[in-house]
Amino acid sequence: MSLMKTRGFIVSLLFLCCSGMQSQSFEGAWQTELQNDVGTDIHYVAIFSDGFVSEASYEKESGKFSGTWGGSFEAKDGSLTYTFEFATFDSELVGSTEAVEYKFFDGKLHIEDKVWTRIDDGSPGDLAGAWLISGRMRGDEMQHVDASRPRKTMKILSGTQFQWIAYNTETKEFMGTGGGTYTTENGKYTEHIGFFSRDDSRVGASLEFDYKIKDGDWHHSGLSSKGTPIYEIWGKRTSSK
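Treat the numbers as computed from the prediction; the structure is a model and nothing was measured.

Caption draft 1: Fine view of the overall build of the chain. Regarding its fold elements, the chain presents one helix and 17 strands. For the chain, the proportion of its 241 residues judged to be buried stands at 41%. A sequence separation of at least 24 residues applies to 43% of the contacts in the chain between residues at least 6 apart. Summing over all exposed atoms, the chain offers an accessible surface of approximately 13100 Å²; the carbon and sulfur share of this is 50%.

Structure representation (structure tokens):
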């Protein structure tokens, strides 16, 4: 084989290997659908980002919230291991760890009774990652929020999907969640609400905020769903908090 052909073969092989590795990654968002016991189509969205995962389910047609769970995860040798930080269907699971087998086949993710289709691989949004609120404006004063405390508010985003969750790992209490799709363009972060556990009437609404990344933190400002001015700071999550 000539040197040129050899180089071409190596480049092609590297491309195939890299493509295969990318296709085997959990990172990003996945979706699937199942019918519940009364025949209603339930839409599931799972977001994997920076070692954390959240899964939310809601009625496909109405957006009525069904449930959510999430926490940290690790995938290795065909085994997906996750530790619950919140679980609406059984709060006693909080703090426990479970493992399930998984496989990638024909571009899809197979886990137990669900076959997941990839939505995105963590792009193109600027805010992909798991974030904890670390500061909130109260009047004219920015108040620090201890991200290591049991009471947490987390936002987890892929390249196109978002979910926020408020919960307490110590009391195992779940306070609320919402999510859907988002875009980041020209300093504007826009949420399109697909589900909201506290108020189904908010489904379909869009909210636009200003955003910027400063010293690694996400600065988020604008008007809340109730029209109240907000200014929040979110810090990237690490495995230690």
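Caption draft 2: Structural context of the nonpolar core. Grouped together as the largest cluster of nonpolar side chains are 20 residues, with contacts concentrated most on Phe 26, Phe 48, Leu 80, Leu 109 and Ile 111. Apart from the residues lying within four places of it in its own chain, the contact partners of Ile 111 are Phe 26, Leu 80, Val 100, Glu 101, Tyr 102 and Trp 116. Counting 18 residues, the second-largest nonpolar core is a separate cluster that includes Val 145, Trp 164, Tyr 189 and Trp 218.

Caption draft 3: Geometry of the side chain of Glu 85. Considering the arrangement of structural elements, one finds Glu 85 in strand β5 (residues 79-87). For Glu 85, the side chain forms a polar contact with the side chain of Arg 237, separated by 2.9 Å. Once you skip the residues sitting within four places of it in the chain, Glu 85 turns out to touch Phe 52, Gly 70, Gly 71, Val 94, Lys 152, Tyr 167, Thr 169 and Arg 237.

Caption draft 4: Spotlight on the packing of aromatic side chains. Across all of its chains, the model carries 20 aromatic pairs by this definition. With centroids separated by 6.0 Å and ring planes inclined at 45 degrees, the aromatic side chains of Trp 30 and Phe 104 adopt a geometry described as tilted. One end of the pair, Trp 30, is in strand β1 (residues 28-35); the other, Phe 104, is in strand β6 (residues 97-105), with 74 residues separating them in the sequence. Residues Phe 65 and Phe 195 carry aromatic rings whose centres are separated by 6.1 Å and whose planes lie at 20 degrees to one another, so their mutual orientation is stacked. Of the two residues, Phe 65 is situated in strand β4 (residues 65-76) and Phe 195 in strand β14 (residues 188-196); the sequence distance between them amounts to 130 residues. Put simply, the rings of Phe 26, Trp 30, Phe 48, Phe 73, Tyr 102 and Phe 104 touch in pairs and so form one group of aromatic residues.

Caption draft 5: Looking closely at the layout of surface pockets. Empty space within the largest pocket amounts to approximately 910 Å³. As for the largest pocket, its lining consists of 32 residues, of which Trp 164, Arg 198, Ser 224, Ser 225 and Glu 232 are closest to the centre. For the lining of the largest pocket, the elements supplying multiple residues, two or more each, are β9 (129-138), β11 (151-157), β12 (161-168), β13 (174-185), β14, β15 (206-214) and β17 (229-236). With five residues, the top contributor of residues to the lining of the largest pocket is β17. Looking at side-chain class alone, the lining of the largest pocket contains 14 nonpolar, seven polar and 11 charged residues. Approximately 330 Å³ is the volume attributed to the second largest pocket. Glu 55, Trp 69, Tyr 82, Glu 112 and Lys 114 are the residues nearest the centre of the second largest pocket, which is lined by 19 residues in total. Elements represented by at least two residues in the lining of the second largest pocket include exactly β2 (41-49), β3 (52-59), β4, β5, β6, β7 (108-111) and β8 (114-120).

Caption draft 6: Highlighting the pairing of strand β16 (residues 217-223). Bridging between β15 and β16 involves six bridges; their strand directions are antiparallel. By the bridge assignment for β16, Lys 214 is matched with Asp 217. Between β15 and the antiparallel strand that follows it, β16, lie two residues; Asp 215 among them carries a positive phi value of about 55 degrees. Both β16 and β17 contribute to a ladder of six bridges, which runs antiparallel. The residue bridging Trp 218 from the neighbouring strand is Trp 234, located in β17.

About the criteria used
Residues numbered from 1 in each chain as written. Predicted model: local features only at pLDDT ≥ 70, side-chain atom pairs only at ≥ 80, totals over all residues. Heavy atoms only, no water. Helix = DSSP H or I, 4+ residues; strand = E, 2+ residues; numbered from the N terminus. Buried < 20%, exposed > 50% of the residue type's maximum accessible area, 1.4 Å probe, protein only. Contact = heavy atoms within 4.5 Å. Areas by Shrake-Rupley, 256 points an atom, 1.4 Å probe, with all protein chains shown as cover. Core = buried A, V, L, I, M, F, W, Y, C linked by side-chain atoms within 4.5 Å. Polar contact = N/O pair within 3.5 Å; in protein donor to acceptor, adjacent residues only side chain to side chain. Phe/Tyr/Trp six-rings, centres within 6.5 Å; stacked < 30°, edge-to-face > 60°. 1 Å grid on protein atoms, 1.4 Å probe; cavity = no way out; pocket = protein on both sides within 12 Å on 5 of 7 lines; lining within 4 Å. Points joined across faces, edges and corners; volume = space filled by probe spheres on them. Nonpolar A, V, L, I, M, F, W, Y, C, P; charged D, E, K, R; others polar. Pairing = 2+ DSSP bridges.

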